[in-house]
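# A closer look at the structure
Below are the chains, spelled out letter by letter.
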Amino acid sequence: MLVRNETSPEDIKGMSVARGILTARGGLTSHAAVVARQMGKCCVTGCGELDVRTAEKVMKARGQEVREGDWISLNGTSGEVILGQAKLRAPELAGDFATLMSWADEVRTLGVRANADTVADSEAAVKFGCEGIGLCRTEHMFFQGDRIDSVRAMILAQDEAGRRKALARLLPMQREDFLGIFAVMKERPVTIRLLDPPLHEFLPKTEQDMKQVAKLLGVSAETVSHATETHKEQNPMLGHRGCRLAVTYPEISEMQARAIIEAACEMKKKGVNVFPEIMIPLTAGTAEWEYNRKLVQETAEKVIREKGVQARYLVGTMIEIPRACLVAGEIAESAEFFSFGTNDLTQLTYGLSRDDAGRFLPEYIEKNLIPRDPFIAIDREGVGEMVRIGIERGRKSRGNLELGICGEHGGEPTSVEFCHLVKMDYVSCAPYRAPIARLAAAQAAIEHGAYQRVEVH
């Protein structure tokens, strides 16, 4: 089990080998919960009674002390942390379950895709009946193997030439990532989000790690320490991230776009007509969107000319800022798809931190101040209304605008129903939640008249 106060992208290696994940802070849409669902791992977050002392490799709660090497069991449904080994049983995906899913697929009109970043995630997506990938988070790829060293070299570079040198080392690795995913998904659509988190998340945190990175990169420990301090932000989730990174460092988006299209061209030469959808995150305005779109599209077309292969692709954006919903009509004039990132859209519409709100939202629900945690089910009056505005204005400009949702709401039944009602094309969720989404989509189709049941006498 991986036990932390909270997790971040740098914990991906530990999360991938852990059987379960336990954090003292966080909630349903915190990093630990989101990644665990995608990996199909058991996770309990926001366990406020825990006193996690990472350096000592010990946690304490209710007078009990658990050390590294002791057995604990987790119940991800109830949120229980159990001392000792509980008996486990693997779920089966056959028999009556398979029959029920086939009935649901016959009825539903809403597509179901998966949030998947790896070959294993992609295989799970296909296994659970997903029709494509609705969100591939490229930042998780940057922590695999020793490529984090090249990422850190890029961040610590003193000029563009130094950054491009580091990115050149990352290019073949990124290309291989996409080739692996494309080989599994074949002609199914794959929506790939360009780098989203702030750069400080990739830098070392402890003095020992800083010294190790300094030695590896041939710079002083003071240089690494200074860079780490320079990249710190007061509120990084509202800071220098997403498409804002490409404004300052366009070479990052260029490298990623090149890796995607080179992989698509290579697959096309093998006879597989893959379908990447390149997604620009955190768009807030039209000029910002156009800058990023042009950067990606020019790179893509350049690669296509170099390879002599006509690979198909789309360029669109993640709608996760309220302002983007309001100017969606202007953005849709050139955006080929919208994917609503409802995790951040909820956070920004409510003015709530999705990592901290779990401490007090239960009291709001208990006192009937809100009906449900808005990070669990879409708040239709507020967040849902922003989504409606974005859809209406977007489709008014572009009638064939592809619309989906890739936030954690994509696997929650009442939110899936909402997506059906506003006429989205698909929902995207963790592969292991896909059966829930498929069933909810079918129920919504029946409930709201999109499917006419035929009585047999």
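Our subject is the structure listed above.
What counts and what doesn't
- All residue numbers here refer to positions counted from 1 along the written sequence of the relevant chain.
- In view of the model being predicted, local features appear only for residues whose pLDDT reaches at least 70, and side-chain atom pairs are presented and counted only at 80 or more, with totals across whole chains, interfaces and linings using the full set of residues.
- Neither water nor hydrogens contribute to the side-chain values; these are computed over all heavy atoms in the structure.
- Only buried Ala, Val, Leu, Ile, Met, Phe, Trp, Tyr and Cys residues count toward a nonpolar core, and they belong to the same one when joined by side-chain atoms within 4.5 Å.
- Throughout, exposure labels follow a simple rule: accessible area from a 1.4 Å probe, protein chains only, divided by the maximum for the residue type, with under 20% read as buried, over 50% as exposed, and the rest as partly exposed.
- Residue contacts are defined here by distance: any two heavy atoms, one from each residue, within 4.5 Å place the two residues in contact.
- Any two strands with at least two DSSP bridges between them are considered paired.
- Counting from the N terminus, the helices are the DSSP runs of H or I reaching at least four residues and the strands are the DSSP runs of E reaching at least two.
- A fitted line through C-alpha atoms serves as each axis, taken over the contacting stretch for helices, and the angle formed by two N-to-C directions is quoted from 0 to 180°.
- Salt bridges are identified by distance alone: a Lys or Arg side-chain nitrogen within 4 Å of an Asp or Glu carboxyl oxygen.
- In this analysis the probe radius is 1.4 Å and the grid spacing 1 Å, with only protein atoms considered; a cavity is a set of points the probe fits into but cannot get out of, a pocket is an open set with protein on both sides within 12 Å along at least five of seven lines, and lining residues have an atom within 4 Å of a point.
- Grid points are joined across faces, edges and corners, and a volume is the space filled by probe spheres set on the points.
- For this classification, Asp, Glu, Lys and Arg are treated as charged, while Ala, Val, Leu, Ile, Met, Phe, Trp, Tyr, Cys and Pro are nonpolar and the rest, including Gly, are polar.

This next bit is on the nonpolar core. Membership of the largest hydrophobic core comes to 105 residues, with the highest contact counts inside it found for Phe 182, Phe 202, Ile 261, Phe 338, Phe 340 and Met 424. Those residues in contact with Phe 182 that sit more than four places away from it in its chain are Val 190, Ile 192, Ile 260, Ala 263, Ala 264, Met 267, Val 274 and Pro 276. Grouped together as the second largest cluster of nonpolar side chains are 10 residues, Cys 47, Leu 50, Ile 72 and Leu 74 included.

Bringing the sheet that holds strand E1 (residues 2-4) into the picture now. Strands sit in the order E1-E2-E3 across an open sheet of 3 strands; the sheet is parallel. Each end of this open sheet is capped by a strand with a single partner; those strands are E1 and strand E3 (42-44). Here the average twist between neighbouring strands, direction ignored, is 10°. Both E1 and strand E2 (residues 20-23) contribute to a ladder of 3 bridges, which runs parallel. Across the sheet, Val 3 pairs through a bridge with Leu 22, a residue of E2.

Once that is clear, we can look at the pattern of salt bridges. A complete count under the given rule lists 35 salt bridges for this structure. Between Glu 68 and Lys 57 there is a salt bridge whose closest N-O contact spans 3.7 Å. Residue Glu 68 is located in the loop between strand E6 (64-67) and strand E7 (72-75), and its partner Lys 57 is located in the loop between strand E4 (51-53) and strand E5 (58-61); the two are separated by 11 residues in the primary sequence. Ionic pairing is found between Arg 193 and Glu 139, a salt bridge with its closest N-O pair at 2.6 Å. Within this pair, whereas Arg 193 is found in strand E11 (residues 189-193), its partner Glu 139 is found in the loop between strand E10 (133-137) and helix H5 (147-156), the two being separated by 54 residues in sequence. One exposure class covers both Arg 193 and Glu 139, and it is buried. Salt bridges linked by common partners bring Glu 139, Arg 193, Asp 196, Arg 241, Asp 344 and Arg 354 together as one network.

Glancing now at the sheet that holds E10. Reading around the circumference, E9-E10-E11-E12-E13-E14-E15-E16 is the order of the 8 strands in this closed barrel, with parallel pairing throughout. Strand-to-strand twist across the sheet, computed as the mean angle between neighbouring axes with direction ignored, equals 25°. Across 5 bridges, E11 lies against strand E12 (residues 275-280) in parallel orientation. Considered in E12, the bridge of Pro 189 is made with Phe 275. Strand contacts of helix H6 (residues 160-185): E10, E11 and E12, with the helix running at about 155° to E11, the strand carrying the most contacts.

Strand direction decides the pairing type here: E4 and E5, joined by 3 bridges, are antiparallel. The residue of E5 that forms the bridge with Asp 51 is Lys 60. As consecutive antiparallel partners, E4 and E5 are separated by 4 residues, and within that stretch Lys 57 has a phi angle of approximately 55°, a positive value. Across 4 bridges, E5 lies against E6 in antiparallel orientation. Bridged to Lys 60 within E6 is Glu 65. Connecting E5 to the next strand, E6, in antiparallel fashion are 2 residues, including Arg 62 with a positive phi near 50°.

What follows concerns empty space enclosed by the protein. What the rule picks out here adds up to 1 cavity of 30 Å³ or more. The volume enclosed by the largest cavity comes to roughly 80 Å³. Together, 13 residues line the largest cavity, and Leu 195, Gly 242, Leu 245, Ala 246 and Ser 253 are the ones closest to its centre. Counting residues per element, the ones that place at least two in the lining of the largest cavity are helix H9 (243-248) and helix H10 (250-269). Of the residues in the lining of the largest cavity, the class split is 9 nonpolar, 4 polar and no charged.

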